[in-house]
Amino acid sequence: MSVEKTLSIIKPDAVKRDLTGKIIAMLEEKGLRVVAQKKILLSKEQAGSFYAVHRERPFFDELCEFMSSGPIVVQVLQGNSAIELNREIMGATNPEQAEAGTIRKVFALSMTENSAHGSDSPETAREEISFFFSGLEILQFCHPIRVSVNNTFLPFPLRNSLKTLLYKRCSCGSKSSSIFFAVLSSAIFIITCPSMGP
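Every value quoted in this text rests on a predicted model; they were computed, and no experiment measured them. (Residues numbered from 1 in each chain as written. Predicted model: local features only at pLDDT ≥ 70, side-chain atom pairs only at ≥ 80, totals over all residues. Heavy atoms only, no water.)

So, on to the nonpolar core. Within the largest apolar cluster, 20 residues are counted, with the highest numbers of intra-cluster contacts made by Leu7, Ile9, Met67, Val76, Phe132, Phe133 and Ile138. Looking at this core, the elements that each hand over two or more residues are strand E1 (3-10), strand E2 (33-40), helix H3 (44-50), helix H4 (60-67), strand E3 (72-80) and helix H7 (122-132). Take this core: its biggest share by element is five residues, from H4. Contact partners of Ile9, with chain neighbours within four places excluded, come to Phe50, Met67, Ile72, Val73, Val74, Ser115, Ala116, His117 and Phe132. Ile10, Ala14, Leu27 and Phe107 belong to the second-largest nonpolar core, a separate cluster that totals 18 residues. (Core = buried A, V, L, I, M, F, W, Y, C linked by side-chain atoms within 4.5 Å. Buried < 20%, exposed > 50% of the residue type's maximum accessible area, 1.4 Å probe, protein only. Helix = DSSP H or I, 4+ residues; strand = E, 2+ residues; numbered from the N terminus. Contact = heavy atoms within 4.5 Å.)

If you want it as structure tokens, here you go:
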């Protein structure tokens, strides 16, 4: 399970109905964190540029009209498998087919006015995030991970340090011991060895 960033848009229909806070709460309750956010008003041309991949679709003009009809909230979400998780929380494009409790099932008015947008792949996420945000606008947040050591949970804030986790069995004298190395934000190693404990 990898930590990812994805683009999320709260669409004009939801912003107009003051649903921004409720939608963000649904995302955060599932473990996603907002690391960049702003409210903007797109022109029809800007909406067309963002949705250029759909330019030949029959709904393209209607989509651009809708996305430029009022303010939107664009945000970058971060979390474990954020792309897939965000789309699960949003629900199916057609609100009638969306699962109960999803954003679109709860708030969407139609397939066009469906309250939320989310990137559908890592490549799309990178392109969509860069469309709205510069690197300086995105918080470089280390997503917390809970690691269990002898049934005790320790905070592990450095996501890239997962690769450095080492857990192996060794022998201290005649007893088998567990040595667990975890790199924490303070760069302290935590070592547990039952044969040396009380």
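Next comes the rest of the write-up.
Looking down a regular strand, the side chains alternate between one sheet face and the other. Of all eight residues that make up E1, six are buried, and the element is covered over most of its length. Pairing of E1 with strand E4 (residues 116-118), which is carried by three bridges, proceeds in the antiparallel orientation. Each bridged residue has a counterpart across the sheet, and for Ile10 the counterpart in E4 is Ala116. (Pairing = 2+ DSSP bridges.)

Of the volumes computed, that of the largest pocket is approximately 680 Å³. Among the elements of the structure, H4, helix H5 (82-90), E4 and H7 are those that each provide at least two residues to the lining of the largest pocket. Looking at the lining of the largest pocket element by element, the count peaks at four residues for H7. Here the residues of the lining of the largest pocket sort into eight nonpolar, eight polar and eight charged. (1 Å grid on protein atoms, 1.4 Å probe; cavity = no way out; pocket = protein on both sides within 12 Å on 5 of 7 lines; lining within 4 Å. Points joined across faces, edges and corners; volume = space filled by probe spheres on them. Nonpolar A, V, L, I, M, F, W, Y, C, P; charged D, E, K, R; others polar.)

Our next topic: the pattern of salt bridges. Summed over all chains, the structure comprises five salt bridges. Across the pair Asp61 and Lys44 runs a salt bridge whose closest N-O atoms are separated by 2.8 Å. Taken together, the residues Asp61 in helix H4 and Lys44 in helix H3 connect sequence positions 17 residues apart. Overall, Asp61 belongs to the partly exposed group, its relative accessible area being 44%. Here Arg126 ties to Glu123 by a salt bridge, and the two come within 3.9 Å at their closest N and O atoms. With Arg126 and Glu123 both in helix H7 and three residues apart, the pair spans about one turn of that helix. With relative accessibility at 54%, the residue Arg126 sits in the exposed group. Connected through shared salt-bridge partners, Lys44, Asp61 and Glu65 make up one network. (Salt bridge = Lys/Arg side-chain N within 4 Å of Asp/Glu carboxyl O.)

The subject of this paragraph is the sheet that holds E2. Strands sit in the order E2-E3-E1-E4 across an open sheet of four strands; the sheet is antiparallel. Only two strands of the sheet have a single partner each, and these edge strands are E2 and E4. Each neighbouring strand pair of the sheet contributes to a mean axis angle of 20°, computed without reference to strand direction. Two strands pair when backbone bridges link them, and E1 and E3 are joined in this way by eight bridges, in the antiparallel orientation. In the strand pairing of E3, Thr6 is matched with Leu77. (Axes fitted to C-alpha atoms, helices over the stretch in contact; angles between N-to-C directions.)

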